[in-house]
Amino acid sequence: MVESNPIRSTPADTTAAPPPTSFLGYLKSFGPGIVIALSWVGTGDLIDNSVAGGNYGYALLWVLPLSLVFRFLFVNSLAKYPLYNVQNDSSIVRGFARTHPIFGWLMLISFVLYTHLLLAFSFSGVGVALHGLFGGLPPFWWSAIGAVSVFAVTFRGAYGVLENTFKIVLAVMVGAFVVGVVMVGINWPELVRGFAFELPPQSGLFDSSLVASSLVLATLGSMANLFYPQFLREKGWVTPAYRRVQQYDLLFGSVVVLFLGVCVWALGAEVLSTGEGVDEASDIAGALGTAIGPLGTYLFYLGLLGAAWTTVAGSLFALSKMSVEALHAVRPGRRERVGDDPRKDGFYKVVVVWGLAAIVWSLPAAPGFVVLVVISHVLTSPFLLIIVIGLIVMLNKRRIMGEHVNTWKENLVLVVVALLVCAAAVQGFAQVFSY
């Protein structure tokens, strides 16, 4: 067992609490799992699940738990690096760079591109949600207002503010969707049948194979999986002593993702299975309004706002810092000049502004909201493949992981994840270019 090493760097504003020893202590300590869960449950998951539920009922529900199991195993492998590496690194980005210098450059390019790509459709979701809740201004200007609020939370890079905000948003989202599901009701026999491996015929804009591919990528994740090790660093969980609480924390976050996903899916399946298809977020809100009254419309837009805003804030926070870490990995002299805190590097603010500039995709002439969501998840698959390949190599190097190199079972999980992403990517690209 690697001993705790006090020289591992953590953010200047973070003091890690001792690992908990009681059930209540574990509950109180949960944080990174909540932040990562709401960063994952963005507009992509919300719309993908609604599209699948609305167009296909419960027939594709099996994709959610299956992909979440692999996502947990995958992200749990990612969490090994800051906890067990023997290089005194608290940043997994530096681990990739240690594996081979080319990974440092690939991470830097990928993070910068993904920051803009992910926020492109997430800001659109913020604008759609705020417009649905309050009306008045066009969606683009609501997106701009959302960008200002995200700027206020992320520009200073204070993790404590982010975590506390996300806990409040989680409570609001759970409340909104639970109320919606209770008012709509669930067809339990059909829900159970949804765990059969079925691909129904096309209904709506996208056929079931493309929707399934998008769901695999949305729930298994893409670059967003790397956020969790970054949030562990921000929390100060960077020694083996935190492994148990980290696993429970990640499990809790995964359960949150599954719970919210099933709630949204059920809403879509119960009120949108009309044979007309689902193409826009307003289809979902309008159908809920018809089914349970005006409250249904507001509940959906409130949930959409929570999902979109937390994705923007969490992603921008993590990606901006990881971009700086990648820059420092390929340019060590820069780190020596500015120090270990990513916020002290001007590049952090550059990436924040670059991400916020994605509000241009909320302009009226930009592609539709649902199209941006589905296609973006498919097109991010190459980034995830880079992560999986690099992770397999990194976690099997003794000079990096010491005695905690991967077992054959852990390697098997990562190989299966890579195969799933390859299959989904090939299918997804074929379907996207056919439209």
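Residues numbered from 1 in each chain as written. Predicted model: local features only at pLDDT ≥ 70, side-chain atom pairs only at ≥ 80, totals over all residues. Heavy atoms only, no water.

Asks: I'd like a rundown of the overall build of the protein, residues and numbers included.
Replies: Looking only at helices and strands, the protein has 21 helices and zero strands in total. Among the 435 residues that make up the protein, the fraction classed as buried is 61%. When contacts within the protein are restricted to residue pairs at least 6 apart in sequence, long-range pairs at least 24 apart make up 85% of them. Here the protein displays about 16400 Å² of accessible surface, and carbon together with sulfur accounts for 69% of that area. (Helix = DSSP H or I, 4+ residues; strand = E, 2+ residues; numbered from the N terminus. Buried < 20%, exposed > 50% of the residue type's maximum accessible area, 1.4 Å probe, protein only. Contact = heavy atoms within 4.5 Å. Areas by Shrake-Rupley, 256 points an atom, 1.4 Å probe, with all protein chains shown as cover.)

Asks: So what's going on with the pattern of salt bridges? Which residues, and what values?
Replies: Evaluation of the coordinates by the stated rule reveals 13 salt bridges. With a closest N to O distance of 2.6 Å, Asp-89 and Arg-98 form a salt bridge. In this structure Asp-89 comes out as buried when scored by relative accessible area, which is 3%. Among the salt bridges present, the one from Lys-235 reaches Glu-163, with a minimum N-O distance of 3.2 Å. Taken together, the positions of Lys-235 in helix 12 (residues 227–235) and Glu-163 in helix 9 (residues 159–184) put the pair 72 residues apart, joining distant regions of the chain. If you follow the salt bridges from partner to partner, you end up with Arg-94, Arg-233, Glu-325, Arg-335 and Asp-340 in one network. (Salt bridge = Lys/Arg side-chain N within 4 Å of Asp/Glu carboxyl O.)

Asks: Can you explain a nonpolar patch on the surface? Please cite residues and give values.
Replies: On the surface, a nonpolar cluster with roughly 340 Å² of combined accessible area is contributed by Phe-23, Leu-24 and Leu-27. Tracing the sequence through the fold places Phe-23 in helix 1 (residues 23–29). (Patch = residues over 30% accessible without salt bridge, like charges linked within 9 Å, V, L, I, M, F, W, Y side chains within 5 Å.)

Asks: Please give an account of the packing of helix 6 (residues 92–99) against helix 15 (residues 294–330) that cites residues and values.
Replies: Each pair of packed helices can be summarised by the angle the axes make with each other and by the distance between the axes. Running from N to C, helix 6 and helix 15 cross one another at 30°; their axes reach a closest spacing of 9 Å. Seen from above, helix 6 lies across helix 15 with right-handed handedness. Packed against helix 6, whose contacting residues are Val-93, Arg-94 and Ala-97, the element helix 15 presents Met-322, Glu-325, Ala-326 and Ala-329 at the interface. Grouping the constituent residues of the contact of helix 6 with helix 15 by class yields five nonpolar, no polar and two charged. (Axes fitted to C-alpha atoms, helices over the stretch in contact; angles between N-to-C directions. Left-handed = near helix turned anticlockwise from the far one by under 90°. Nonpolar A, V, L, I, M, F, W, Y, C, P; charged D, E, K, R; others polar.)

Asks: Just give me the short version of unusual backbone geometry, but keep the residues and values in it.
Replies: For Asn-88, which is not glycine, the phi dihedral falls at a positive 65°. As for its placement among the helices and strands, Asn-88 is situated in the loop between helix 5 (80–84) and helix 6.

Asks: Got a sec to walk through the packing of aromatic side chains? Specific residues and values, please.
Replies: Each aromatic ring pair is summarised here by two numbers: the centre-to-centre distance and the angle between the ring planes. Tallied over the entire structure, the rule returns 13 aromatic pairs. Ring centres 5.3 Å apart and planes at 25° place the aromatic pair Phe-30 and Phe-252 in the stacked group. With Phe-30 in the loop between helix 1 and helix 2 (32–40) and Phe-252 in helix 13 (residues 243–271), this pair connects stretches of sequence that are 222 residues apart. With relative accessibility at 8%, the residue Phe-30 sits in the buried group. (Phe/Tyr/Trp six-rings, centres within 6.5 Å; stacked < 30°, edge-to-face > 60°.)

Asks: An account of the side chain of Arg-233 is needed here, citing residue identities and associated values.
Replies: Structurally, Arg-233 is set in helix 12. Of the residues examined, Arg-233 reaches a relative accessible area of 1% and is grouped as buried.

Asks: Which residues make up helix 14 (residues 281–292), and what values do they have?
Replies: For helix 14, spanning 12 residues, the distance from its first C-alpha to its last is 17 Å, which sits close to the expected 16 Å at 1.5 Å a residue. Restricting attention to buried positions, one finds in helix 14 the residues Ala-281, Ile-284, Ala-285, Ala-287, Leu-288, Gly-289 and Ile-292. Looking one or two residues past helix 14, Gly-293 carries a phi angle of roughly 95°, positive in sign. (Expected span 1.5 Å × (residues − 1).)

Asks: Got a sec to walk through the environment of Leu-61? Specific residues and values, please.
Replies: With respect to the helices and strands, the residue Leu-61 is situated in the loop between helix 3 (43–56) and helix 4 (63–78). A residue is classified by how much of its surface remains accessible, and Leu-61, at 1% relative accessible area, is buried. Leu-61 sits 12 residues away from Asn-49 along the chain, and the two C-alpha atoms are 8.6 Å apart. Here Leu-61 is in contact with Leu-191, Gly-194, Phe-195, Val-262 and Trp-265, once residues within four sequence places are set aside.

Asks: Break down the environment of Ala-176 for me, citing the residues and quoting the values.
Replies: Within the secondary structure, Ala-176 is located in helix 9. Distance in space between the C-alpha atoms of Ala-176 and Leu-299 is 5.3 Å, their sequence separation being 123 residues. In this structure, Ala-176 is in contact with Leu-299 and Leu-302, ignoring residues within four places of it in sequence.

Asks: A description of the packing of helix 8 (residues 139–154) against helix 15 should follow, citing residues and the corresponding values.
Replies: Interaxial distance between helix 8 and helix 15 falls to 10 Å at its minimum, and their mutual angle equals 40°. Taken together, the axes of helix 8 and helix 15 lie oblique to each other. Crossing geometry of helix 8 relative to helix 15 is assigned as right-handed. Each of Gly-146, Ser-149, Val-150, Val-153 and Thr-154 in helix 8 lies in contact with helix 15, whose residues at this interface are Trp-309, Val-312, Ala-313, Leu-316 and Phe-317. Class assignment of the residues belonging to the contact of helix 8 with helix 15 gives a composition of seven nonpolar, three polar and no charged. (Parallel < 35°, antiparallel > 145°, perpendicular 65-115°, else oblique.)

Asks: I'd like a description of helix 2, backed by residues and values.
Replies: The buried fraction of helix 2 is high, at nine of nine residues. Along helix 2, the residues that are buried comprise Pro-32, Gly-33, Ile-34, Val-35, Ile-36, Ala-37, Leu-38, Ser-39 and Trp-40.

Asks: Talk me through the environment of Val-192; I want residue IDs and the actual numbers.
Replies: With respect to the element layout, Val-192 can be found in helix 10 (residues 188–193). Look at Val-192 and you get exposed, because its relative accessible area is 56%. Measuring from C-alpha to C-alpha, the distance between Val-192 and Tyr-58 comes to 8.3 Å, with 134 residues separating the pair along the chain.

Asks: Account for the confidence of the model for the protein, naming residues and giving values.
Replies: On average, the protein scores 84 in pLDDT, and the residues at 70 or more come to 83%. Averaged over each element, pLDDT in the protein is lowest for helix 18 (residues 369–379) (60) and highest for helix 5 (95). Counting interchain partners and residues more than four positions distant, the pLDDT-below-50 stretch residues 1–6 has 12 contacts. (pLDDT = per-residue confidence, 0-100.)

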